[in-house]
Amino acid sequence: MKPILLIDFGSTYTKVTAVDADAGKLLGSAASYTTVETDVNEGLANAVALLEKQTGKLEYEERYACSSAAGGLRMIASGLVPELTAEAAKCASLGAGAKVIKTYSFELNEDDIEEILAEKPDIFLLVGGTDGGNKACIINNAKALAAAGGNFPIVIAGNRNAARECERILAGRQVYVCENVMPKFGVLNIEPTQQCIRDIFLGRIVQAKGLTKASELISGIMMPTPSAFLAAMKLLADGTKTESGIGELIAVDVGGATTDIYSIASGMPEHPGTILKGLPEPYVKRTVEGDIGMRYSIHGIVEAAGIDAIALTSGIAPERVNELVDYLGSHTDTLPTTPELEALDAALASHAIHTAVTRHAGRLEETYTMMGLAYAQTGKNLKGVNRIVVTGGSLIHTRNTGRIASFALYDQNDPMSLKPQKAEFLVDRKYILAAMGLLSEHYPEIALKIMKEELEKDGTAE
C-alpha cells in the first residue's frame, strides 16, 4: 500500500481524502471546520482523526494540498476596453483559480484607486493594449498604482512595448512581468499569466492565509482550490494517454458564498453560418458568481430569480420565504433540518444553478446581413454537452439532486440561451474532486480511475 493524503483547506471546512496509489482506489474522506482564526493545523488534525475512523492509522508517504481558506485568492484586474483586454484579464484570473472581485476598463481615476485600496486585493492584474498597440492606458494605470501605494503584488500582462516601462514605474513594488494576455486582436494568451498567479499563491498567499506551518507538512504543490477542481474536470473530460475521459462536460459547485461553473467544451456554433462575436472562448472555462450563494449571498439568488419564483419552486408563501431568507442570511451556519428548510434550500439551489449556468453559457441573437436574417453567437455553445458534474452541500446532501441539477438545462422560456438540452448528472457525494485535481499532478491515471468509480450517476434529464 502507498497511502497519499490530499488536503483542501476550505473557508469553512478542511476536507481530507486518502488514496492508495498502489491499488488505485479511494480509502476514505472526511471534513472538519477550518480553524483559520487560530491555527489551520487544528482543523487539519481534527479532519485526519475523523478520516482515521474509516481508514485506520496510516503513515502517509506523500501529502498534497490546495486552499481557498479565508476567501481564497482575491484579485482585481484592469484593462483597456471591457470587451477585449479587460475580459481577457478576467479569463486569465478565473482560470488560475482566483476570485475576481472587480475589473476596471480604460484609465484608472482617483475613485477607482480608493476602491482598490479599500478592497485590499491579494493580486492586481494590469493589462491593456495589443502588442504594438495602445500604450497610454496601461502606463497611466501603472503610474496611478505607483502613486497610490499598497502592498499587493502586481502582474503586468499587457502591451509588451509598455511592459518594461510599467515595471520601472512600479519600482519598489512586488512586480511580475508576463506575456500579453491578448497579443493580437481577438487572440488569447492566458496560460503564462495563470502560471504566474499560481506561483504568487505559492510564495505569498500561503503565508498570508496562515498556512505556513501546514505547508511544512506538504510533500509538494499547493494551489488554489479552484485550480485543483479545474484540473480534475479537464482530466475527467479529456483522459490521459492511456485511458479516455468521458468527453465534454459542465461542472457546478454551489457554495455558501459563490456558485462556480466550469465547462470543458469547445463551445463552437451548432450551425456553420452562425457568426461569432467577442473574444474566442477558452476550451477550459471557469466563471464565479459572487452574488449567488446558499448563505452569504442568499439574497443574490432571490434578486436574480425573484421571490415569486423561489416561492413557486419551494411551495412556501412569498412572505415566509422572505422571513426565512433573512434568517439564513444572518445565520449562515444553519442547516436544513426541517421539511420547510429542506424545500427552501432545494429551491434556492435550483435557482442558483439556473442563474449561474445561464450566465456561463453563451447566447444567440438575431442579426441582419446582406444575405438576410442570420444569428450571432456570444460565448460558448453548450447545447450539445450531455454530462454535468455537481457538488456542494445543497446538492450532495439531498435525495433530490437530479431535480435540482436539472435547472442547469435549456429553458424554453429563454430560447436564445445555449445551455445543455439534456444531460446525465454525476454527483460528487464524497467531496473528492479538488483532491483528485491535486492527485492528477503526479498520478493522473489513478485520479481518473477514482473519479470514474466514485462519481455517482443520478439519472438523465431533458
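Quick notes on the rules
- Residues numbered from 1 in each chain as written.
- Predicted model: local features only at pLDDT ≥ 70, side-chain atom pairs only at ≥ 80, totals over all residues.
- Heavy atoms only, no water.
- Disulfide = S-S within 2.5 Å.
- Buried < 20%, exposed > 50% of the residue type's maximum accessible area, 1.4 Å probe, protein only.
- Helix = DSSP H or I, 4+ residues; strand = E, 2+ residues; numbered from the N terminus.
- Arc of directions from axis to C-beta.
- Polar contact = N/O pair within 3.5 Å; in protein donor to acceptor, adjacent residues only side chain to side chain.
- Core = buried A, V, L, I, M, F, W, Y, C linked by side-chain atoms within 4.5 Å.
- Contact = heavy atoms within 4.5 Å.
- Pairing = 2+ DSSP bridges.
- Axes fitted to C-alpha atoms, helices over the stretch in contact; angles between N-to-C directions.
- Salt bridge = Lys/Arg side-chain N within 4 Å of Asp/Glu carboxyl O.

Engineer: If you had to explain the state of the cysteines to someone new, which residues and values would you point to?
Structural biologist: Counted under the stated rule, the structure contains zero disulfides. No disulfide involves Cys178; its nearest neighbouring cysteine sulfur is the one of Cys196, lying 3.7 Å away. A relative accessible area of 10% places Cys196 in the buried class.

Engineer: If you had to explain helix α3 (residues 110–119) to someone new, which residues and values would you point to?
Structural biologist: Restricting attention to buried positions, one finds in α3 the residues Asp112, Ile113 and Ile116. For α3, the angular spread of buried residues about the axis comes to 95°, placing them on one side. Exposed residues lying more than 90 degrees from the buried face of α3 are Glu110, Asp111, Glu114 and Ala118. Taking the backbone nitrogen of Asp111 as reference, a side-chain oxygen 3.0 Å away marks Asn109 as the first, capping residue of α3. In the stretch just after α3, Lys120 is the one whose phi turns positive, near 50°.

Engineer: Go over the nonpolar core with me, naming the residues and quoting the values.
Structural biologist: The biggest cluster of nonpolar side chains holds 41 residues, and the ones touching the most others in it are Val252, Leu344, Leu348, Ile353 and Ile388. A per-element tally of this core places helix α12 (residues 339–360) first, with ten residues. When residues no more than four places from it in sequence are discounted, the contact partners of Ile388 are Ile250, Val252, Ala408, Leu409, Pro420, Ala423, Glu424, Phe425 and Leu426. In this structure, Ile4, Tyr64, Cys66 and Leu230 belong to the second largest nonpolar core, which totals 37 residues.

Engineer: Outline the sheet that holds strand β16 (residues 372–378), supporting the account with residue identities and numerical values.
Structural biologist: Across a sheet, paired strands are connected by hydrogen bonds in the backbone, their directions being either parallel or antiparallel. The strand order across the open sheet built from three strands is β13-β16-β15, with neighbouring strands paired in mixed fashion. Two strands bound the open sheet, and with one partner strand each, they are β13 (275–277) and β15 (363–369). Neighbour-to-neighbour, the strand axes of this sheet turn through a mean angle of 35°, independent of strand direction. As defined by bridge partners, β15 adjoins β16 across seven bridges and the pair is classed as antiparallel. What sits directly across from Thr369, in β16, is Gly372.

Engineer: Describe the pattern of salt bridges, naming the residues involved and giving the relevant values.
Structural biologist: With the rule as written, the count across this model stands at 23 salt bridges. For Glu365, the salt bridge goes to Lys277, with nearest N and O atoms at 3.2 Å. Placement of the pair is Glu365 in strand β15 and Lys277 in strand β13, with a sequence separation of 88 residues. Judged by relative accessible area, Glu365 falls into the partly exposed class, the value being 36%. The partner of Arg359 in a salt bridge is Glu289, with the nearest N and O atoms 2.8 Å apart. In this pair, Arg359 sits in helix α12 while Glu289 sits in strand β14 (residues 284–289), placing the two residues 70 residues apart along the sequence. Judged by relative accessible area, Arg359 falls into the partly exposed class, the value being 40%. When its relative accessible area of 10% is taken as the criterion, Glu289 is described as buried. Where salt bridges share partners, they join Glu289, Asp291 and Arg359 into one cluster.

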